[in-house]
Structures are given as C-alpha cells and as structure tokens.
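Spelled out, the chains give:
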Amino acid sequence: MRRQVLDVQDIEIVYRTRGGPVRAVSSLSFSVFDNEVFGLVGESGSGKSTLAMAILGNLPDTGVLTRGRILFDGRELGAASPATWRAVRWKHLAYVPQGAMNVLNPLRRIRDQFDDIISDHGVRSNQPDWKATILALLKAVHLAESVLACFPHELSGGMKQRVCIAMAMLLGPKLIIADESTSALDVISQRVVLQTLLEVRARLNAAIVLIGHDLALQAQVADRVGIMLAGRFVEIGPVTRIFDRPLHPYTQRLIASVPSIRHQHGLPDVVAADEAERKAWLSEDARLLEVEPGHFVASPSVPRQ
Amino acid sequence: MWRYVIRRIGAFLLTILFAVTLNFTVIHLTPIDPIAGILGRLAGRGVSVEGGQKLVELYTRTFALDRPIAVQYLIYLRNLVLHGDLGYSLSYFPEKVSAVVLRAVPWSLGLLFSAIMIAFVLGNLLGALAVWSRAPKLFRGLMLLFMSFSAVPCYLLALILLYLFAFLWPILPAGGSFTPGSARNFDLQTLLEVLQHATLPVLSITLGLIGFYSLSMRGVMTTVLGEDYLMYARVKGLKERTIFLRYGMRNALVPQVTALAIDLGLLVSGQVVVETIFSYPGIGTVLFNALRTADYFVVQGIVLFIIVSVALTMLLVDLLYPLLDPRVRYANSAR
Amino acid sequence: MRIRRVEPTVVARVYSSSAWRRHLPLLAGIGLIVCALLPVLLGRWFVTPEMAAVFGDVPNLPPSLKHPLGTQSEGRDLLAALMLGTPATLAIGLIGGGVAVLVGGTLGLVSGYRGGWTDTVIRTIVDVGMTVPPLAVLILIAVSIPKVSVPVMGLIIATTAWISVTRVMRSQVLTLRERLFIKTAKLSGVGSFGIMAFELAPNLMPLFAASFVNSVTTAILASIGLEVLGLGPRESYTLGNTIYEAMYYTAMWRDMWWWWLPPIFILILIFLGLFLVSNDLDRIANPRLERGW
C-alpha cells in the first residue's frame, strides 16, 4: 500500500462575492502518493488554481473551505493555525508558480530572496553550507551562478521559472505543487522545465502535482492524471489508461483535441461539446466510481442528489 | 537616463523663471509704491527724510527704474542670478533682504525636516498596518483619527494645541525658540530649550501630515497586497514580519518617496502660518512681520525663496528616485 | 445556491448592499456643514447684523444672553460676526472653487482632447504650476492689491487653484478620447467643439463634481491662510479675519475663549464636512478607489 502524501477528502470551496456565494470547488476528492507525478488537467475556470491555493493554505480572505478535509502526510491542514502552516510550508510542501508572473520581489536580488527562505525557516544559516547547496541547486536547474546577483527583471521568463524551481527544492519538500509552470514558455523552455521537474522528483523523492491545461504535455511526464471540470474531477486514472481508454465524454473530447502527427490530412473535426452535453456533465453526481483498479470516473447515469 | 535628467532640470529652470518674472511683474503692476509708503511713515514719525532719499536713489540706481522696462527686467535678473541680490529690507534698512531671510532659514528648515521625518515614518507605518489583514484592527481606527486631523489646516491645529498645552496645561512654551533671557551656547541646556520650544510647532505640522502619508501609503500598499510576489512570499512560509517589511513596505515605499515632495508646496504654506502663530523665528514670522510693516521687498524675497527652494527639493527627489527603484534605472539606461 | 464557474483569481469583497450605508460619509459630511451654518440660521433670533459693526457694544464682554458669544476688542458682537462671516467664507470658497473648476476643467478638456501644441503649452504650465507653493503666489498677489473684497478674494485664489483641476481633467479626457463613442462621433462628422461639449463633458460630470468639492475645499483653505496672515478682505467679516483679529488682540492670552474658539470650531466642522463629502465623491467618480476600504 503506497503512502499517501496528500489526501483531499470531499472538499468544497466557496467564494463570498458581492453577487452572492460562488462555489469554485465542490465534492472534490483525490490523493497523491509518494514520489509520483500527478497531472491535474482542466480548462480555465475549472478551479485548478483555487484547489492549489487551498492545499497551500493560501486562499484569499473571501475564499472558505466549507466542507471536507485536506490531509498532508496524515496531518489535517485545512483550517490550521498560521503557526502550523509555517512549520509545514516549504519544508514539506512547496510551490512552483508560473514564473512569468510577478512572483519574485522586483526590489530584491535573487540571492537575498534565497536567504530570506533560509533564515526564516529557523535553520541556522551556516553560510558556507547553504551557499554550496544553492549553487548545486542552480546547477541542477541549469542556471549560472551569476543569476544570484541579478534582479528579477534582468532574467528571462524561462530563467525565472527555473529560479522558482530551485527555490522550491531548497528545503527538500515531500510535495511540490507546480501551477502552470510551463504555460507561458516557448517550446524549448517547456522541455527544459519539464525535464528539470523530473530530475527534481528523482533527486528528492518528492511527489509533484503538475497543474496545467495541456493534456499532451501531461502525457509525457505524469504517472496519473486527473481531469477537472467545473470544480470537481470527472476522471482520474493512470496516464496510459486515460489515453487508451478514456471513459468520460469530456475526457474523450479533450484527448481528441490533442493534435497528433497521425492526423495527416488536415485538422480533426472540431469536437467541442454542445450546451446540452455540458449541462448534463454539470449536473452529474461528483462521486467517482472505480471502474478499473485506480481508474475512477464520474458517473453520468446517477442523478445529482 | 540623461534625457530624463535634462527634462527635469529644464522644468526646474522654467519654474525659477516663472517665479522671478512673477515677482518682477507684480512690482510693476501694483499701484502700491512701497518706498513712498515707508517714506510717508518715516516722515510721520518725525524721522529725517534724508535716509529715505538715499534709499530712493539707491533703488533707482540699482534697479534702473528710469530705464525702459525690458532693461529693468534684465538688470533684475542679473542682480538676482549673479549677485543673489534681493534688494534691501525697508524695516531693517540698511540690511539686505537676503541677510534677513537667511537668518531665518535654518529655523524653518529644522522645523520642516523634523516634521517630515517623523510624519513620514509614522504615517507610512500606520497606513501599511491599517491595510494589513493580520494587524490589529486598532490601526484602522487610528488612521481615521489622523485623517480627520489632516482635513483641518495645520494652523488651526496649532491654535488648539497652543491653547491646550501652553495655557490650559502649561507644560510647553507659547512661542519663540528660546526662553527669553537665557544664555545661548552650543550646549545641552540650549539644545533642550530649543527642542522644548520646537515641540508644539513640529507637533502641529506632524499631526496633520501623518494623515496624508498614511492615506497614500494605504493606497500603495493595497496595490502591493494584490501582487503575486506577496502571495508567493506567504506560500514560502516566510515570517509575517519579513513579509510585511521586506516584501510589503519596502516595495510600497518606493513610490511613496516621491510622495514626500509632492505636497511640499502645501506643507510649506501651512508651516508659514504655524510659525506665525508661535512666533517661531523662521521665514514664516519674518514674512508676517514684513506684511505687517509693509516691508514689501522682504515679502517678495521670501516668496521667491520659498518657490525656488521647493522647486529645488522636488528636482532633487525626482533625480534621486531612480536610485531607489532599480527598474526605473534599468528602463532609463536601456534606451 | 447557483453554481457559477468563476476564474478563481478574482478577488472579490463583500460590500454592504444598502446604498444609504455606503454613502454614509457623504451624508455625514453634509450634516456637518449644515451644523456649521447653524449660527447663521439661528443667530437672527439673538442678534442683528448691525451688532457686528465696530463698537456695536461694549468691548470684551464675555457671553451673556444679550451677546451669546460675547464681544471682542473692537466692540463687535461675535455671534453677529459669525453670522456674517460664515457665509462670506463659504462664498469665497464657492467663487474661488467655481472659477477654478470652470477654467481648469475647460483647459483640461481642451488640452486633453486637442493635443499638439495647445496640450504641450498647457501641460508645461501645469507641471511648473504644481511645483509652486500656492500660498507664496497668493501672498504676492494679495499684497499688491490694495483693496480686496470677497469676490476679488475668490478670484485671487482661483488663479492658483485651477492647476490641479486641469491635470485631473486632462488625464481623464485622455482615457475617454480613445473610447468608441468618441470615435463614432468623430466619424459622424461632429466637430471638435461639439464632441467636447456634448460627448465628453457629460461623461466628465462625476469628476467635475468631485473636482468642484475639492476646489472649494482648497479655496477655503487658501483664503483662511491668507486671512490669518492679515491679507484677507479687511472690510468684510470672514472667519479667517475673526481669527486674525483674535491673534492681533492677543485674545488667547486674555482668556477670551469666546473669541477665538467659535470660528475655529465652525471651520473644523466645515473642513471635516467637505473632507467627507469629497471622499465619497472621489469614490463615485473613480470606482477603483472602492477597493481601498
């Protein structure tokens, strides 16, 4: 029985807005096992980032976890105190954001931002030791030492992304959540970043949750994949099974949209879903049925309670 | 980068030109003849008019009052720029205006500087803490209080403070900068005296100023709070204090530094009146006395001085700003 | 609960849905200003305007039934002085602020819309003007005019107050200029003047209103500043003049609180009131400020 590093049980996340409560995530459950790459795929607005922020304990003030539990390494985190969070964050649970975003403090040099992490986590910043660690990490992400003296605006998008990966690795976490880490990059940089993430996984024996909207990309690196739609999963399973035998109609559409070299004569027919189909999916019961070992699907025939 | 510098210096020079021209124009358009006024008063007091004649002759010569107006303008400019000559004071004749003004400047500067420093530090902290969700709610109430103070002009606050602390509970002196009759040396005793006398004036200006700084800091901080790097800092498990100081305030202070100088004109205007109320020997009191004694040239000299020094300060701040924000420096030098 | 799919990075805030509560500052501000006008409204039951004249009665009397706010060293009844002074001060504010907004608004409109040389000239004047402390210029002008009346005072103040209005209007016009409805009007052959007067101006109304209140505040501030220095309209009664006289006759030292306190109190009411009103109007004119609270 593999160890679960992350166990999300039937959670619901609601945003309080001026127009009333908005449910961003509902009846969502999934787990991430030790040392695996879990690909989380969904379109914009499906709730991926909300889910990531909830796991990291960083929902905005207007977002509330109204139901369910989030267990990290057996410990309940959902609504824990700031002190508990600080003990867990980064040391065990790290985050790689979209590096092209403004995530690095524009007024601080890169090396200072590394130092902030080290000193604030109570580890004795034994200077020579940590300097060596940081340099080794930079090398692992294929960055030169000169990066340390730079300000963020002096680096390219891909470089900033890799700095973020290096930062995530700094304290040797057990779970890394990578949110759209390759979305804003060119193809070659994407490749480098993905490769780096895999190397990270090997180095640290960490689990990675890879969030994105590009199914083809996920296919290359993930062990298991979860397809998210409108705040819940419609299908979860090993990546090969999902591609060989997608069960949910939405998944089927997604896979059919992936451009393939096999389609030699023009593009495949547009496979967008029509209104009725989408409505049907939205009113499904979110409970996932295990159709084969490890392969879960939301059932369209069971009406919503 | 250099284009920016040149542009700013150009604007500064334009401002000087405007101020000087304004001074000149006003002299020549006013129906008031200051010299005749003074002469009239002197004669009325029975003082010999001979000194007055000398004054008129001196002015006619120095300012070429008998030549065409364009020439007068140029001579005025020359006197001003090359010699720093602002003319003679009518009340303190034969003292020159520049001497009178410069005597008072250090006092005003001390007042201004202290008030700005204190208000900037406290105001920015207050504004930042008022929007920081994990800070005690007390700061929001405090901020409302100081914003009400800043709605009222500082000289009204000065009058109230004067009454409260110099009359009702007389713990602070009512005016001046020294206790009359005390020895004035460079020692601790004198320093304490100066500080004691400066307390109420500084307080009047600071109380109003804190509100302004906290308001603009609140706006800037709100923007910073929405930035991605703040989210990332929190997710990285950094300490609350680190996030607040190094990722929040540090980033918010950069635009705030230009805010330091933006309201300088209003600030100086307010300070002038505050000094008057406390008879603090700065340029405000000198101005007030000059207005009362119709010492027209001193009035002009002070006005010119105020305009130039404010413009100069704003120029310096604008030129220093790129040093604080590496992005601006980079953007400007990349051209 | 309806399920709505929302881009989760939208940060929303909960607002009070009641319009009354949202505009509480506006109402409170207006209330304060009305309170400041109370002496004017109620004073007529106690005193007559004539009593504000010099030697209307015995000087330096403390408050009594006959003189609810006492008299000052020139024998003027203070309540009468306030009755005349408050409207005078407000009038200076309205004249100064009004002229400033009209001139500044028009210049900002023209400068923002026309662009080119007009814009460059106006913009340079504004940039230079903003670095100049207004009181300095006002002092110079006021000192040079021998006889200042209330309207003249207003005009003097307007000479420096229009500058910030121009700047604000201009930047708003620059934003609006690129909008579709302006371009459509241009294509339909509407002339420059037509566009400025009938398309841009109506859309600038909220900003206009906010600028007006700000300008009035600035005007009253400037006028009090000048008056306290002794440069006000000496023939008329204004609140600032009353304070100036109080200082001139050292009223505080002589414990005549009824002289210097009431005008200050009324001024504080006016300023706080204007502050609250302009805060709210600023928020209406610029909804992005809503996020602040």
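Residues numbered from 1 in each chain as written. Chains lettered and ligands numbered in written order. Predicted model: local features only at pLDDT ≥ 70, side-chain atom pairs only at ≥ 80, totals over all residues.

## Here's the deal with the interface of chain B and chain C
Interface size, as often reported, equals the accessible area lost upon joining of the parts. Stated formally: Here the contact rule is simple: place C-beta atoms from the backbone, and any two residues whose C-beta atoms are within 7 Å are in contact. Strands here mean DSSP runs of E at least two residues long; helices mean DSSP runs of H or I at least four residues long; both are numbered from the N terminus. For this classification, the nonpolar set comprises Ala, Val, Leu, Ile, Met, Phe, Trp, Tyr, Cys and Pro, the charged set comprises Asp, Glu, Lys and Arg, and every other residue, Gly included, is treated as polar.
Between chain B and chain C, the contact holds 43 residues from the first and 34 residues from the second. Those elements that place two or more of their residues in the side of chain B that touches chain C are α1 (2-29), α6 (138-151), α7 (154-168), α8 (188-225), α11 (264-278), α12 (283-292) and α13 (296-324) of chain B. Across the side of chain B that touches chain C, the residue classes break down as 31 nonpolar, 10 polar and 2 charged.

## Side note on the environment of Val26 of chain B
Considering the arrangement of structural elements, one finds Val26 of chain B in helix α1. In this structure the C-alpha to C-alpha distance between Val26 of chain B and Leu264 of chain B, which are 238 residues apart in sequence, comes to 24 Å. When sequence neighbours within four positions are dropped, the list of residues in contact with Val26 of chain B reads Leu140, Ile141 and Ser144 of chain C.

## A look at the pairing of strand β4 (residues 63-72) of chain A
Residue and element names in this part refer to chain A. Using the following cut-off: Note on pairing: DSSP must find at least two bridges between two strands before they are called paired.
Sheet analysis places strand β1 (residues 4-17) next to β4, joined by 8 bridges and oriented antiparallel. Its bridge partner being in β4, Leu6 is matched across the sheet by Phe72. Examined bridge by bridge, β4 and strand β5 (residues 75-76) share 2 bridges and lie antiparallel to one another. Looking at β5, one finds that Phe72 is bridged to Arg75.

## What to know about the sheet that holds β5 of chain A
Within the open sheet, the 4 strands sit side by side as β2-β1-β4-β5 (chain A). Their pairing is antiparallel. Of all strands in the sheet, those bounded by a partner on one side alone are β2 (20-33) and β5 of chain A.

## Looking at the packing of helix α2 (residues 24-36) of chain C against helix α12 (residues 257-285) of chain C
All names here are of chain C. Stated precisely, the cut-off is as follows: Axis definition: a line fit to C-alpha positions, over the contact stretch in the case of helices; interaxial angles, taken between N-to-C directions, run 0 to 180 degrees. An angle below 35 degrees is read as roughly parallel, one above 145 as roughly antiparallel, one from 65 to 115 as roughly perpendicular, and any other as oblique. Each crossing gets its handedness from the near helix: less than a right angle anticlockwise from the far helix is left-handed, clockwise is right-handed.
Two elements in contact, α2 and α12, have axes separated by 7 Å at closest approach and are oriented at 155 degrees. With respect to α12, the axis of α2 lies roughly antiparallel. α2 and α12 meet at a crossing whose hand is left-handed. Taking contact as the criterion, the partners of Pro25, Leu26, Ala28, Gly29, Ile30, Leu32, Ile33, Cys35 and Ala36 in α2 are, on α12, Ile266, Leu269, Ile270, Leu272, Gly273, Leu274, Phe275, Leu276, Val277, Asn279 and Asp280. By residue class, the composition of the contact of α2 with α12 is 16 nonpolar, 3 polar and 1 charged.

## Here we look at the interface of chain B and chain A
Counting from both sides, the interface comprises 21 residues of chain B and, opposite them, 22 residues of chain A. Looking at the side of chain B that touches chain A, the elements with two or more residues in it are α9 (228-235), α10 (240-262) and α14 (326-333) of chain B.

## Let's talk about the packing of helix α10 (residues 205-228) of chain C against helix α11 (residues 239-248) of chain C
All names here are of chain C. Taken N-terminus to C-terminus, the directions of α10 and α11 make an angle of 30 degrees; their axes are 8 Å apart at the nearest point. With respect to α11, the axis of α10 lies roughly parallel. Considering the relative orientation of α10 and α11, their crossing is right-handed. Residues Ser223, Ile224, Glu227 and Val228 of α10 pack against Leu239, Gly240, Asn241, Ile243 and Tyr244 of α11. Tallied by class, residues from the contact of α10 with α11 come to 5 nonpolar, 3 polar and 1 charged.

## Details of the nonpolar core
Where we set the bar: Note on definitions: a nonpolar core is a set of buried residues drawn from Ala, Val, Leu, Ile, Met, Phe, Trp, Tyr and Cys, linked by C-beta atoms within 7 Å. Buried means a residue has 20 or more other C-beta atoms within 10 Å of its own C-beta, exposed means 12 or fewer, and partly exposed covers the counts in between; C-beta atoms are placed from the backbone.
Ile176 of chain A, Ala158, Val299 and Ile302 of chain B together with Leu138 and Ile139 of chain C are the most contacted members of the largest nonpolar core, which has 260 residues in total. The dominant element in this core, judged by the number of residues it contributes, is helix α4 (residues 78-114) of chain C, at 17 residues. Leave out the neighbours within four places in its chain, and Val299 of chain B touches Leu287, Ala290 and Leu291 of chain B together with Ile139 and Val143 of chain C.

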